[in-house]
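# A closer look at the structure
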Amino acid sequence: MALWDNYDDVDFQVVANAAGQYSVWPSTRPCPPGWSDTGFAGPRQACLDEIDEIGRRGQGRPGAAARPPAPAAGTGRRPAPEEGRSALHGPHRAVPDVSVTELIRARELPAGLVAAVCGEQRLTRGELFGTAAGWARVLTEEGCGPEVPVGLLLPRGLDAITAILAVLEAGGGYVPLSCDDPPERTEAVLRDCGARTVVTTDELAATLRPQAGRVLTLSELRARAERSTARPRPAAGDDLAYVFYTSGTTGRPKGVEGTHRQLVNYALWCGRAFEHRPGEVTFLSASLFFLGSLTTIFTPLLEGRPIVVAPDGVTTDDLLELTRRSTGGLLKVTPTHLRMMTARGVPQDGLARQLMVGSEPLTFTREIRSWLGGDRSRVMVNHYGLTETHGCFCHWLTGDEETGGRIPVGTPIDNVEAYLVDRDGELVGIGEVGELLVGGPSLGRGYRHRPALTAERWIPHPWGADGARLLRTGDLGRLGADGVVTVLGRADRQVKIRGHRVEPAAVEEALRGLPGVGEALVLPRSADGTTALDAFVLRDAGAGAGPDPVALRAALEAAFPPQWIPARMAVLDEFPVNANGKVDIAALPVPRPPVPASAAGGPAERWSRLDRIVAEAFCDVLEVDDIGLADGFYDLGGDSLTSVRVAALVGRALGRDVPAPSADAATVRGYARRIGPAGAGAPAAPPKRGS
């Protein structure tokens, strides 16, 4: 159970720290060190509404107050959690209080080293940083400086990398925009983040509306760079470095503020964790508005490794070919991308010597074992992080993991703290399930201009320094006796079906262990006031024939209560993916109930008029195309609620009330016989939906 789950009857209080950051805390518990009660208490939502009201009154930074209350006297840090509880700390290392670009320039690597390549274009370090410095002067003239956001509407390429560095060199924070988004969303993001300047290409400039503010094209930047004499104001470690927006296309955009301290801490860790051999490159294939791009931009620049950029629009085959043409030291992909690449055959060349896989749960497959076994120098890591935290956990695979098993997220990276807590905020024991909380320099500052949402996710740190915060990840996890964490799924994925709490992640885990299943995704579906589960499974490429949905359903019925059984299933070769490399939920096909082969009811058997009425009602309610006389309503995914709809449809057709299908009369023929005599009728083919 997640933190504060079912705390509806507990009063909360609005609390603040010396930095003017607000959050909520149960009134029944003492305030963590460095946090003070502001005097407002009530239900949790009322406290969040009060924090929103404080934000509307105009206090500076999101979630911050101009004159915060004096913090309570603190002790600096509470005692460390007791042994045997789920608390972890990554290695402690100093984090310089500088901007990431200052850190990179301080390496003083040769200007002639290749910095980035995209197709036939290439830039040396001298050319890249020289051009970025000129563009930074122009941006400074346009008002860029510390805490100033600048929108970047640019395709992935060398100009985009240069523009990112230019904004950071000018002291500002960059806001990457998708070139494929409709103008309405681009405008909404710019309005939400407050960017008054947008850097874009001459072609894309025409797509921006007047509300976009100052549009600065690349050609104008180049023309003005040489004669500009402005002096940029450098950013500090806690200053804004970027604002990344979630990928949804509906509703109000939600932007996460990241700092230079985050980038510096992560780049330093990543440089130590992934060593490159001479001649190896780092591939940049992630969308620039996806947090995964940070790994393959700033770390190679810091370490002096060339970046090979995959242009926008590359397919899986294009990426495979690109990695074959260069000696790859590091490639970052999602599990979905990895499955799509290995489905074309396990590459014995290409990809990269080191693979960082993240953003979705990773399941160990025969293809992964084969790839790792092909060369002892190959490395694959499971990487965990959210947009709110950047990368914060990492787990190195050995190649001996169990096929079909979920890979742990591992242990915290440098300076990251992690805690697993129960609904009361108490640390759970080793092996117990709790919500994962994360702290340290990997944390973003909060959601831009969303003080209540920030307060809900960024909470006071009970075991940290005065005024410190932890992030509620919303993920459930477990710390094993081996000291590594396994994330089990989203806490908010728990759904209620027919009054019972159901965990879709547990059903996914069970499906992954069944023969013929390579991967599984289970999602809730609500319609007409009822909720049921849909399952989408990928064929295991190495298991021959694909899985039989009827057999999968039978296996699940042996392990779970009826409410946990997916009513509909789809067997796929690949999951559709969005620009971030994650499964595109909206593009998934419509699944169908698993239909068993009928024991009776073939075309030659006589169908009565009542049989046909019942069958058509079953087809309509269950959304199936074909059905047999011996097919059962509940076997096909029906339940007590949808059975009422069947009774209503059949009763309407007959002009009288009829009972709902019962467990002992749930087949087409059995139900028809229960509700009335099967009148004589001419032989007919089994009905189809819509007939």
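Preceding block: the structure.
Residues numbered from 1 in each chain as written. Predicted model: local features only at pLDDT ≥ 70, side-chain atom pairs only at ≥ 80, totals over all residues. Heavy atoms only, no water.

## Notes on the sheet that holds strand 17 (residues 379-386)
The 9 strands lie next to each other as 6-5-14-13-15-16-17-18-19, forming an open sheet whose pairing is mixed. Lying at the two open borders of the sheet, with one neighbouring strand each, are strand 6 (121-124) and strand 19 (411-412). Here strand 5 (residues 114-118) pairs with strand 14 (residues 307-309) via 2 bridges, running parallel. What sits directly across from V117, in strand 14, is V308. (Pairing = 2+ DSSP bridges. Helix = DSSP H or I, 4+ residues; strand = E, 2+ residues; numbered from the N terminus.)

## Here we look at helix 3 (residues 125-141)
For an α-helix the count is 3.6 residues per turn, leaving residues at separations of three or four pointing the same way. For helix 3, spanning 17 residues, the distance from its first C-alpha to its last is 24 Å, which sits close to the expected 24 Å at 1.5 Å a residue. Regarding helix 3, the residues found buried are R125, L128, F129, A132, G134, W135, A136, V138, L139 and T140. Immediately beyond the C-terminal end of helix 3, within one or two residues, lies G143, with a positive phi of roughly 105°. (Expected span 1.5 Å × (residues − 1). Buried < 20%, exposed > 50% of the residue type's maximum accessible area, 1.4 Å probe, protein only.)

## Remarks on the nonpolar core
Grouped together as the largest cluster of nonpolar side chains are 52 residues, with contacts concentrated most on L139, L152, Y174, V199 and F298. Among the elements that make up this core, the one with the highest residue count is helix 4 (residues 158-169) (9 residues). In this view, L139 contacts C144, V150, A166, V167, A170, V199 and L216; residues no more than four positions away in its chain are not counted. Counting residues in hydrophobic clusters, the runner-up holds 30 residues, among them M356, L386, V409 and L436. (Core = buried A, V, L, I, M, F, W, Y, C linked by side-chain atoms within 4.5 Å. Contact = heavy atoms within 4.5 Å.)

## Let's talk about the packing of aromatic side chains
Here the structure, examined in full by the defined rule, presents 15 aromatic pairs. Their ring planes at 75° and their centres at 4.8 Å tell us that Y242 and F244 sit as a pair that is edge-to-face. Since its relative accessible area comes to 0%, Y242 is described here as buried. Centroid distance W269 to F274: 6.0 Å. Interplanar angle 90°. Geometry classified as edge-to-face. F274 carries the same exposure label as W269, and that label is buried. Members of the aromatic cluster, joined through ring pairs, are W4, Y7, F12 and W25. Of note, R44 hangs over the ring of F12, and the distance from its end group to the ring centre comes to 5.8 Å. (Phe/Tyr/Trp six-rings, centres within 6.5 Å; stacked < 30°, edge-to-face > 60°. Lys NZ or Arg CZ within 6 Å of the ring centre and 35° of its normal.)

## Concerning the pairing of strand 13 (residues 281-284)
Of the two faces of strand 13, the one holding V281 and F283 and the one holding T282 and L284 are both buried throughout. Strand direction decides the pairing type here: strand 13 and strand 15 (residues 328-333), joined by 2 bridges, are parallel. Pairing of T282 across the sheet is with L330, part of strand 15. As for the winding sense of the linkage, the β-α-β connection from strand 13 through helix 9 (residues 292-303) to strand 14 is right-handed. (Right-handed = clockwise from strand over helix to strand, strands pointing away.)

## Considerations on the side chain of E508
Locating E508 in the fold gives a position in helix 14 (residues 504-512). In terms of polar contacts, E508 uses its side chain to reach the backbone amide nitrogen of V522, at 2.8 Å. Setting aside anything within four residues of it in sequence, one finds E508 in contact with R406, R493, A520, L521 and V522. (Polar contact = N/O pair within 3.5 Å; in protein donor to acceptor, adjacent residues only side chain to side chain.)

## Describing the sheet that holds strand 2 (residues 22-26)
Spatial strand order, 2-1-3: 3 strands in an open sheet with antiparallel pairing. Of all strands in the sheet, those with a lone pairing partner are strand 2 and strand 3 (36-42), marking the two edges. Each neighbouring strand pair of the sheet contributes to a mean axis angle of 35°, computed without reference to strand direction. Looking at chain direction, strand 1 (residues 12-16) and strand 3 are connected through 4 bridges and run antiparallel. Within strand 3, the residue paired with A16 across the bridge is S36. The strands touched by helix 1 (residues 44-56) within the sheet are strand 1, strand 2 and strand 3, with strand 2 carrying the most contacts at an inclination of about 165°. (Axes fitted to C-alpha atoms, helices over the stretch in contact; angles between N-to-C directions.)

## Comments concerning the pairing of strand 12 (residues 255-259)
With 5 of its 5 residues buried, strand 12 lies for the most part within the structure. Of the two faces of strand 12, the one holding G255, E257 and T259 and the one holding V256 and G258 are both buried throughout. Summarising the sheet, strand 11 (residues 240-245) and strand 12 pair through 5 bridges and their orientation is antiparallel. What sits directly across from F244, in strand 12, is V256.

## Brief notes about helix 9
Here helix 9 spans 18 Å end to end across 12 residues, near enough to the 16 Å set by a 1.5 Å rise per residue. Within helix 9, 11 of the 12 residues are buried, which leaves the element mostly enclosed by the surrounding structure. Three or more residues of helix 9 are buried, namely G292, S293, L294, T295, T296, I297, F298, T299, P300, L301 and L302. Taken from the residues just after helix 9, G304 is the one with a positive phi, measuring 75°.

## Looking at the packing of helix 16 (residues 609-622) against helix 18 (residues 668-675)
Taken N-terminus to C-terminus, the directions of helix 16 and helix 18 make an angle of 120°; their axes are 9 Å apart at the nearest point. In terms of orientation, helix 16 lies oblique with respect to helix 18. Along this stretch, helix 16 crosses helix 18, giving a crossing that reads as right-handed. On the side of helix 16, the interface is formed by L610, D611, V614, A615 and F618, while helix 18 contributes V668, R669, Y671, A672 and I675. Among the residues making up the contact of helix 16 with helix 18, the classes are represented as 8 nonpolar, no polar and 2 charged. (Parallel < 35°, antiparallel > 145°, perpendicular 65-115°, else oblique. Left-handed = near helix turned anticlockwise from the far one by under 90°. Nonpolar A, V, L, I, M, F, W, Y, C, P; charged D, E, K, R; others polar.)

## Overview of the environment of D312
Relative to the helices and strands, D312 resides in the loop between strand 14 and helix 10 (316-325). Judged by relative accessible area, which is 41%, D312 ranks as partly exposed. Along the backbone, D312 and A286 are 26 residues apart, and their C-alpha atoms lie at a distance of 9.2 Å. Setting aside anything within four residues of it in sequence, one finds D312 in contact with P155 and R156. Polar side-chain contacts of D312 include one of 3.2 Å to the backbone nitrogen of R156.

Everything listed is a geometric property; what it means functionally is a separate question.
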